[in-house]
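Fold and geometry: a report
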Amino acid sequence: FVFFFFKQKTAYEMQRGLVGSEMCIRDRYMPEHEINYNNPYEYAIWADDLKIKNFYKLLDGWHFYDQPIYDGIDPSKVTLKLDPTFNVIYSVIESMKTLKFNGPYPYHHDGKMEKSYMLRFLVHMVGDQHQPLHVATRCTPKMPECDAGGNKFMISDPAKELHALWDWAMSKKNIDFKKRPLDQASISYYEGLAKEFTKEFPRSKLADELKVKDPWEQAKRTLDIAKKVVYHGIKEGEKPSEAYKKTGFEVCKKQIALAGYRLGDYFKEIFHHRVEMEEAQILS
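Note that the coordinates shown come from a computational prediction; the quantities given were computed from them, not determined experimentally.

**Describing the packing of aromatic side chains**
Note on aromatic pairs: each is described by the distance of the centres and the angle between the planes. Tallied over the entire structure, the rule returns seven aromatic pairs. The interplanar angle of 75 degrees and the centroid separation of 5.4 Å between the aromatic rings of Y65 and W216 together place this pair among those described as edge-to-face. Of this pair, Y65 sits in the loop between helix 2 (46-52) and strand 1 (68-70) while W216 sits in helix 8 (residues 215-230), placing them 151 residues apart in sequence. Classification of Y65 as buried rests on a relative accessible area of 13%. Among the aromatic residues, ring-to-ring pairing joins W62, Y90 and F121 into one connected group. A cation over a ring is seen here: K178 above Y189, with NZ or CZ 4.7 Å from the ring centre.

So this is what it looks like as structure tokens:
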């Protein structure tokens, strides 16, 4: 999963100091049947693990927002229906609402379990939101139900379909997907990639994009990437060209960096009062 290492890095920074140990997502707040994790780097994949293990199937729709791209089809013929209250953008907004809520809670409840869930979802869904094929789907006369974000767009490649190609950042040679549980060498590898990508795409280089605060508007901009890059220069059933993969990898790196910066900004917005309180305690 293309955004996995960058979200792990962000979760690590969160654990080390941004939110403080009290509000860090903790497995002790999770039901016993759920997956255990050995370190904060791995929390980012929790939402996908739920899908793989068939837990909470109801929430599968939180991973995508299928904005249609009409390719030679009359929009009135498209059978896809967008749900404005059940998609990846909605999940980011709802996660933020939950995490920013400071009570009061009913029935003498402290809200930690809900925040534990939603913090994990936020870390994951911000990444999904920036993968173009999580917020776009191609609709054609032959496929009026659309291609499920490239999952039905088959290609001659080890990825087999276009969605997986973009999840892989064009090739598993570009990002080495380490086996979990992660050891220190694997963690260092992902930290190195995060440094490399943010060096190539520093905040200053993405200043215009970072001015866009509305998640719905952010999704429209990612949709433009799908229109101009993802579905451009590639045909169903054919092998992606090296030029296509090169361009795609540059887009992936930029989107990974952008997702990380936005997630960091969300953390500051949610937990700023905790940081200020901890700083005050240190100074006193």
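**Looking at the state of the cysteines**
Counting across every chain of the model gives one disulfide. C139 shares a disulfide with C146; S-S distance 2.0 Å. Handedness of the C139-C146 disulfide follows from its S-S torsion of about 90 degrees: it is right-handed. Take C139 and C146: they sit in the same class, and that class is buried.

**Focus on the nonpolar core**
Counting residues in each nonpolar core, the largest one holds 31 residues, and the members touching the most others are L162, L165, W166, M170, V230, Y231 and Y244. Among the elements of the structure, helix 5 (162-167), helix 6 (184-200), helix 8 and helix 9 (242-283) are those that each provide at least two residues to this core. Residues A44, L122, V123 and L263 belong to the second largest nonpolar core, which totals 27 residues.

**Describing the pattern of salt bridges**
Per the counting criterion, the structure on display carries 12 salt bridges. With its nearest N and O atoms 3.1 Å apart, the salt bridge here joins R138 to E236. Here E236 lies in the loop between helix 8 and helix 9 and R138 lies in strand 2 (residues 137-139), a separation of 98 residues in the sequence. Look at the salt bridges and you will find they share partners, linking D71, R138 and E236 into a network.

Cut-off values and rules
Within any chain, residue numbers begin from 1 and follow the written order of that chain's sequence. Local features in this predicted model are restricted to residues whose pLDDT is 70 or higher, and side-chain atom pairs enter the listing and the counts only when it is 80 or higher, whereas totals over whole chains, interfaces and linings include all residues. Computation of side-chain values: all heavy atoms of the structure, hydrogens and water removed. Whether two aromatic rings pair depends on their centres lying within 6.5 Å, for rings of Phe, Tyr and Trp, where Trp uses its six-membered ring; planes under 30 degrees apart make the pair stacked, over 60 edge-to-face, and the rest tilted. We count a stretch as a helix when DSSP gives it H or I for four or more residues in a row; a strand needs E for two or more, and each element gets its number in order from the N terminus. Per-residue accessibility, obtained with a 1.4 Å probe over protein chains only, is compared with the maximum for each type, and a residue is labelled buried under 20%, exposed over 50%, and partly exposed between these values. Charges are assigned to positions over rings by a cutoff of 6 Å between ring centre and Lys NZ or Arg CZ, combined with an angular limit of 35 degrees from the ring normal. Cysteine sulfur pairs qualify as disulfides if the two atoms are within 2.5 Å. Definition used in this section: a nonpolar core is a set of buried Ala, Val, Leu, Ile, Met, Phe, Trp, Tyr and Cys residues joined via side-chain atoms within 4.5 Å. Counted as salt bridges are all cases of a side-chain nitrogen of Lys or Arg within 4 Å of a carboxyl oxygen of Asp or Glu.

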